[in-house]
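Each chain, written out:
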Amino acid sequence: MPSTELVAASTLGVKSLEECLRTRRSCHDFGWDPLTGDELLGLCWAGQGITGPGGQRTAPSAGGVHPLELYVVTAAGILHYEAEANRLESVGRGDRRPALCTAAQSQDVIGLAAATVVIVAVEGRMDPRYGARSRHYELVETGHVAQNVLLAATAMGICATPVGALDDAAVRDVLDLPANHTPLYLVAVGHHTDRPHIAGSR
Ligand SMILES: Cc1cc2nc3c(=O)[nH]c(=O)nc-3n(C[C@H](O)[C@H](O)[C@H](O)COP(=O)(O)O)c2cc1C
């Protein structure tokens, strides 16, 4: 088993799939303390982790093309999920969460979250194979990825809410992404308010 799976498995907890399916709820009661690097990595692994010898991932992808990338906006900066290495790579410094909140219709759920996972489609990856059908598949795959992240959050006792009300271009600007990267969906994440805080941090 690749080491990436060992890292994630130890983070994702021991709740059954049935329990996660029963108890998943969109949740807005974010506490103040930040998620750990392992928690953020576990969420991203659940969404896009590589689990097969042919590069297959936790979420299915039409033709195995994998057109999606995951970014995480935290208080410290912006991280990119490097699936091959199962690593979160810093791609930007500074707290871009307020700007992300503005780009998502100023919703409190983004403003109050410790972090937000941004699911992005890279235009051009699907097109050579699927042409006009590409966007359809990208959106379907975004749903697969988001549900994996939401169930992983539930397994880890993390509060999470999917957010579709966003200005694609504004989110692209917030993350300073190239023009062919289209943000499609957000998952706001954080600890529940009833979890003990780490004093003074966010
Ligand atoms: C496609 C989609 C878009 C959503 N967009 C938002 C959103 O912009 N803001 C928000 O607070 N919740 C959003 N939600 C979460 C829904 O409000 C939530 O799923 C719904 O109230 C049902 O609650 P549950 O997730 O706890 O079952 C979205 C959910 C989906 C599936």
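Everything below is about the structure shown above.
Right, let's walk through the structure included here. As the structure is a prediction and not an experimental result, all values here were calculated from the model.

Calculation rules
Residues numbered from 1 in each chain as written. Predicted model: local features only at pLDDT ≥ 70, side-chain atom pairs only at ≥ 80, totals over all residues. Heavy atoms only, no water. Buried < 20%, exposed > 50% of the residue type's maximum accessible area, 1.4 Å probe, protein only. Helix = DSSP H or I, 4+ residues; strand = E, 2+ residues; numbered from the N terminus. Arc of directions from axis to C-beta. Contact = heavy atoms within 4.5 Å. Polar contact = N/O pair within 3.5 Å; in protein donor to acceptor, adjacent residues only side chain to side chain. Patch = residues over 30% accessible without salt bridge, like charges linked within 9 Å, V, L, I, M, F, W, Y side chains within 5 Å. Areas by Shrake-Rupley, 256 points an atom, 1.4 Å probe, with all protein chains shown as cover. Salt bridge = Lys/Arg side-chain N within 4 Å of Asp/Glu carboxyl O. Lys, Arg positive; Asp, Glu negative; His and termini not counted. Charge placed at Lys NZ, Arg CZ, Asp CG, Glu CD. Core = buried A, V, L, I, M, F, W, Y, C linked by side-chain atoms within 4.5 Å. Disulfide = S-S within 2.5 Å. Pairing = 2+ DSSP bridges. Expected span 1.5 Å × (residues − 1). Near = heavy atom within 4 Å. Nonpolar A, V, L, I, M, F, W, Y, C, P; charged D, E, K, R; others polar.

Focus on helix H8 (residues 168–175)
Of the residues making up H8, those classed as buried are Val 171, Arg 172, Val 174 and Leu 175. Along the long axis of H8, the arc covered by the buried residues comes to 160°, so they all point the same way. Those residues of H8 hidden inside the fold are in contact with strand E1 (68–74), strand E2 (77–82), helix H4 (97–103), strand E4 (115–122) and strand E6 (181–191). Sitting at the amino-terminal end of H8 is Asp 167, which places a side-chain oxygen 3.1 Å from the backbone nitrogen of Ala 169. Of the residues one or two after H8, Asp 176 is the one with positive phi, at around 55°.

Considerations on a negative patch on the surface
A contiguous patch of negative charge on the surface is contributed by Asp 167, Asp 168, Asp 173 and Asp 176. By secondary structure assignment, the location of Asp 173 is in helix H8.

Some words on the nonpolar core
The biggest cluster of nonpolar side chains holds 31 residues, and the ones touching the most others in it are Leu 43, Val 187 and Val 189. Where this core is concerned, the elements lending two or more residues are helix H3 (37–48), E1, E2, E4, helix H7 (134–155), strand E5 (158–163) and E6. If near-sequence neighbours (up to four positions away) are discounted, Val 187 is found in contact with Ala 115, Thr 116, Val 117, Ala 146, Val 149, Leu 150, Ala 160, Thr 161 and Pro 162. Listed in part, the 23 residues of the second largest apolar core include Phe 30, Val 73, Leu 166 and Val 171.

Regarding the state of the cysteines
Following the criterion strictly, the structure yields one disulfide and no others. Here Cys 44 is not cross-linked by a disulfide; its sulfur's nearest cysteine counterpart is in Cys 159, at 17 Å. Of the residues examined, Cys 44 reaches a relative accessible area of 0% and is grouped as buried.

So, the pairing of E1
Summarising burial for E1: seven of the seven residues are buried, a large majority. Burial along E1 is two-sided: Leu 68, Leu 70, Val 72 and Thr 74 facing one way and Glu 69, Tyr 71 and Val 73 facing the other are all buried. Relative to E4, E1 is paired through seven bridges, and the arrangement is antiparallel. Bridging across to E4, Leu 70 finds its partner in Ile 119. Here E1 pairs with E2 via three bridges, running antiparallel. Bridge assignment links Tyr 71 to a residue of E2, and that residue is His 80. Remark: two residues form the turn of the hairpin made by E1 and E2, two consecutive strands paired antiparallel.

Re H3
Taking 1.5 Å as the rise per residue, H3 with 12 residues should run 16 Å; its terminal C-alpha atoms sit 16 Å apart, in good agreement. The element H3 is extensively covered by neighbouring structure, given that 10 of its 12 residues are classed as buried.

Considerations on the site of the ligand
The immediate surroundings of the ligand are formed by Arg 24, Arg 25, Ser 26, His 28, Gln 107, Val 109, Thr 161, Pro 162, Val 163, Gly 164, Ala 165 and Tyr 185. One of the side-chain nitrogen or oxygen atoms of Ser 26 is found 2.5 Å away from an oxygen atom of the ligand. Gly 164 has a polar backbone atom sitting 2.9 Å from a nitrogen atom of the ligand. Burial of the ligand by the protein amounts to 52% of the accessible area it has alone, namely 610 Å². Class assignment for the residues of the shell around the ligand results in five nonpolar, five polar and two charged.

Here's the deal with unusual backbone geometry
The backbone phi angle of Ser 106 is positive, close to 50°, even though this residue is not glycine. Look at Ser 106 and you get partly exposed, because its relative accessible area is 47%.

What to know about the environment of Ser 134
Take Ser 134: it is sitting in helix H7. Exposure remark for Ser 134: the relative accessible area of 2% places this residue in the buried category. In sequence terms Ser 134 and Gly 49 are 85 residues apart; their C-alpha atoms lie 22 Å from each other. Only 3.0 Å separates the side chain of Ser 134 from the side chain of Asp 127, close enough to count as a polar contact.

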